[in-house]
Amino acid sequence: ASFFARMFVQVCLYFYCKCLWRCLKFVVRKLTGRCELQRICYNTKPGAARTMKIEASLKGSKSKRLQTSVSVHPDAIEKTIDDIMELKRINPDINPQLGVSLQACLLQIVGYRNLIAEVEKLRREPYDSENPQHEEMLLKLWKCLKPNSPLNARISKQWCEIGFQGDDPKTDFRGMGLLGLYNLVYFAEWDTEVAQQVLCDSLQPKYSQFSKAEWEKKKFDKAIGYSFAIVGINITDLAYNLLVSGALKTHFYNVAPEAPTLTHFQQTFCYLMHEFHKFWIEEDPLDIMEFNRVREKFHKRILKQLQNPEMALCPHFAASESLINM
């Protein structure tokens, strides 16, 4: 009986708060002469804070047209803005900036949804050794990471030198499909110096960029290596989960001026690889069996950072920095 009583009270509170909230919105609109979308755009600076508020407002609207506006095709965004202005009885001639602001927000919202679909498609596509494009990308990964060491054969123990588990890397891509390979190749091709350094450190962490005095001071003497490629696929999984859960909205809405793209996702992967490598050394794990513990702790750190609406995971390489400064 007490359970049903609590449920009844919670249901009543829910409907009371919902009705009260709608009444408050109505009163505020009458007092200010502006609807909620106008107040958000005029009172919140561009970026994640504004876009996430606009997204929540549209999704929470009682109008079906407003609810579905967050999932329209990119080509239909301009017409969607016109529909919103008409529905809210907003004169576009008097409020020209509102349409521009709403368009920017919708491009980000719709773009994020489309990015999830694009990433998911890559994740679901398995590596096919009979596909010449797949094979070409795999060989490019080797050339970027080991430019001075020719690969003796397609199936070779040499693959272990860049962190694959066996003599044929195709078996290691099963979890993340082509997405894992795409990310590793992007990291190796566009952030080559850092990727090669991380690979070198993962093989011999004591002979990294840190001096012997720095290693002793930081107590890194127990630091050990890890399998670079396998960790890259694992960090791809982490980035994928951050994307699908919506946690990366904060970062992408602050970084991408319009729709976030696959390139933004790959740049984020590069950042995560670089930061995880530093985090791994700082954690000073006893052995590789601690990988899951370190990864989970790193995941929680990134999630905490992304809870800040001002947060942009600023990648250290020039390609990302130029986008962030736009």
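Residues numbered from 1 in each chain as written. Predicted model: local features only at pLDDT ≥ 70, side-chain atom pairs only at ≥ 80, totals over all residues. Heavy atoms only, no water.

*Asks:* Help me out: how do you make sense of the overall build of the chain in this one?
*Replies:* Looking only at helices and strands, the chain has 15 helices and zero strands in total. Expressed as a percentage of its 326 residues, the buried residues of the chain come to 45%. Excluding contacts between residues fewer than 6 apart, the proportion of contacts in the chain whose partners are at least 24 apart in sequence is 65%. (Helix = DSSP H or I, 4+ residues; strand = E, 2+ residues; numbered from the N terminus. Buried < 20%, exposed > 50% of the residue type's maximum accessible area, 1.4 Å probe, protein only. Contact = heavy atoms within 4.5 Å.)

*Asks:* Teacher, can you tell me more about unusual backbone geometry here?
*Replies:* Trans is the prevailing form of peptide bonds, just as negative phi is the prevailing case for residues other than glycine. The phi dihedral of Arg89 is positive, around 55 degrees, even though this residue is not glycine. Position of Arg89 among the secondary structure elements: in the loop between helix H5 (77–87) and helix H6 (96–124). Overall, the relative accessible area of 70% leaves Arg89 in the exposed class. One non-glycine residue, Asp284, lies in the positive phi region at around 50 degrees. Along the polypeptide, Asp284 turns up in the loop between helix H13 (262–283) and helix H14 (291–306).

*Asks:* Quick question: what am I supposed to make of the confidence of the model for the chain here?
*Replies:* Regions with low pLDDT carry predicted coordinates that are not meant to be interpreted in detail. With 83% of its residues at a pLDDT of 70 or more, the chain shows a mean pLDDT of 85. Below pLDDT 50 for its whole length, residues 315–326 participates in 23 contacts with residues either more than four positions away or in separate chains. (pLDDT = per-residue confidence, 0-100.)

*Asks:* For this particular structure, what's the right way to read the packing of helix H7 (residues 132–145) against helix H8 (residues 177–190)?
*Replies:* Helix-helix packing is described using two parameters, namely the angle between the two axes and the distance between the axes. Where H7 meets H8, the axes come as close as 9 Å, and the angle between the chain directions of the two elements is 35 degrees. Along this stretch, H7 crosses H8, giving a crossing that reads as left-handed. For the pair H7 and H8, the contacting residues are His134, Met137, Leu138, Lys140, Leu141, Cys144 and Leu145 in the first and Leu178, Leu181, Tyr182, Leu184, Val185, Ala188 and Glu189 in the second. By residue class, the composition of the contact of H7 with H8 is eleven nonpolar, one polar and two charged. (Axes fitted to C-alpha atoms, helices over the stretch in contact; angles between N-to-C directions. Left-handed = near helix turned anticlockwise from the far one by under 90°. Nonpolar A, V, L, I, M, F, W, Y, C, P; charged D, E, K, R; others polar.)

*Asks:* Would you take a moment to explain the packing of aromatic side chains for this structure?
*Replies:* The geometry of an aromatic ring pair is captured by the separation of the ring centres together with the interplanar angle, meaning the angle of the planes. Going through the model one piece at a time under the given rule, you end up with 16 aromatic pairs. Centre to centre, the rings of Tyr186 and Trp190 are 6.3 Å apart; their planes meet at 40 degrees, and the pair counts as tilted. In this pair, Tyr186 and Trp190 are both assigned in helix H8, four residues apart and thus about one turn of the helix distant. Look at Tyr186 and you get buried, because its relative accessible area is 10%. With a relative accessible area of 56%, Trp190 lands in the exposed category. Taken together, Tyr226, Phe276, Phe279, Trp280, Phe291 and Phe298 form an aromatic cluster joined through their ring pairs. (Phe/Tyr/Trp six-rings, centres within 6.5 Å; stacked < 30°, edge-to-face > 60°.)

*Asks:* Sorry if this is basic, but what is going on with a nonpolar patch on the surface here?
*Replies:* Residues Phe3, Phe4 and Met7 make up a contiguous nonpolar surface patch of about 350 Å² in total accessible area. With respect to the element layout, Met7 can be found in helix H1 (residues 2–32). Accessibility expressed as a relative area gives 38% for Met7, which makes it partly exposed. (Patch = residues over 30% accessible without salt bridge, like charges linked within 9 Å, V, L, I, M, F, W, Y side chains within 5 Å. Areas by Shrake-Rupley, 256 points an atom, 1.4 Å probe, with all protein chains shown as cover. Salt bridge = Lys/Arg side-chain N within 4 Å of Asp/Glu carboxyl O.)

*Asks:* Which parts of the structure should I look at to understand the nonpolar core?
*Replies:* General note: in soluble globular proteins, nonpolar side chains tend to be found buried as a group. Ranked by internal contacts, the top residues of the largest apolar core, which has 81 residues, are Ile54, Leu141, Leu181, Phe265 and Leu272. When residues of this core are assigned to domains, at least three fall in each of domain 1 (34–123) and domain 2 (128–307). If we skip the residues at most four places from it in the chain, Ile54 touches Leu37, Ile40, Cys41, Leu102, Cys105 and Ile109. (Core = buried A, V, L, I, M, F, W, Y, C linked by side-chain atoms within 4.5 Å. Domains from an automatic or database assignment.)

*Asks:* In this structure, what is going on with the environment of Phe276? I would like to understand it.
*Replies:* For Phe276, the position within the fold is in helix H13. Since its relative accessible area comes to 0%, Phe276 is described here as buried. Residues Phe276 and Ile235, 41 residues apart in the sequence, show an inter-C-alpha distance of 8.4 Å. With residues up to four places along the chain from it excluded, the contact list for Phe276 reads Val231, Ile235, Phe291, Val294, Arg295 and Phe298.

*Asks:* Help me out: how do you make sense of H14 in this one?
*Replies:* Since the α-helix advances by 3.6 residues per turn, residues separated by three or four positions end up pointing in the same direction. Compared with the 22 Å implied by 1.5 Å per residue over 16 residues, the 22 Å span of H14 between its first and last C-alpha is a close match. Those residues of H14 not exposed but buried are Phe291, Val294, Arg295, Phe298, His299, Ile302 and Leu306. Projection of H14 onto a plane perpendicular to its axis shows the buried side chains occupying an angular sector of 140 degrees, all on one side. For H14, the exposed residues set more than 90 degrees away from the buried face come down to Lys300 and Lys304. (Expected span 1.5 Å × (residues − 1). Arc of directions from axis to C-beta.)

*Asks:* Explain the packing of helix H11 (residues 228–245) against H14 here, please?
*Replies:* Taken N-terminus to C-terminus, the directions of H11 and H14 make an angle of 35 degrees; their axes are 12 Å apart at the nearest point. Crossing of H11 against H14: the hand is right-handed. On the side of H11, the interface is formed by Val231, Asn234, Asp237, Leu238 and Leu242, while H14 contributes Phe291, Arg295, Phe298, His299, Ile302, Leu303 and Leu306. Across the contact of H11 with H14, the residue classes break down as eight nonpolar, two polar and two charged.

*Asks:* So what exactly am I meant to see when it comes to H11 here?
*Replies:* Between its terminal C-alpha atoms H11 stretches 26 Å, which fits the 26 Å expected from 18 residues at 1.5 Å a residue. What H11 keeps buried is the set Phe228, Ala229, Val231, Gly232, Ile233, Ile235, Thr236, Leu238, Ala239, Tyr240, Leu242 and Leu243. Note on H11: the residue one or two positions beyond its end, Gly246, has a positive phi of about 95 degrees.

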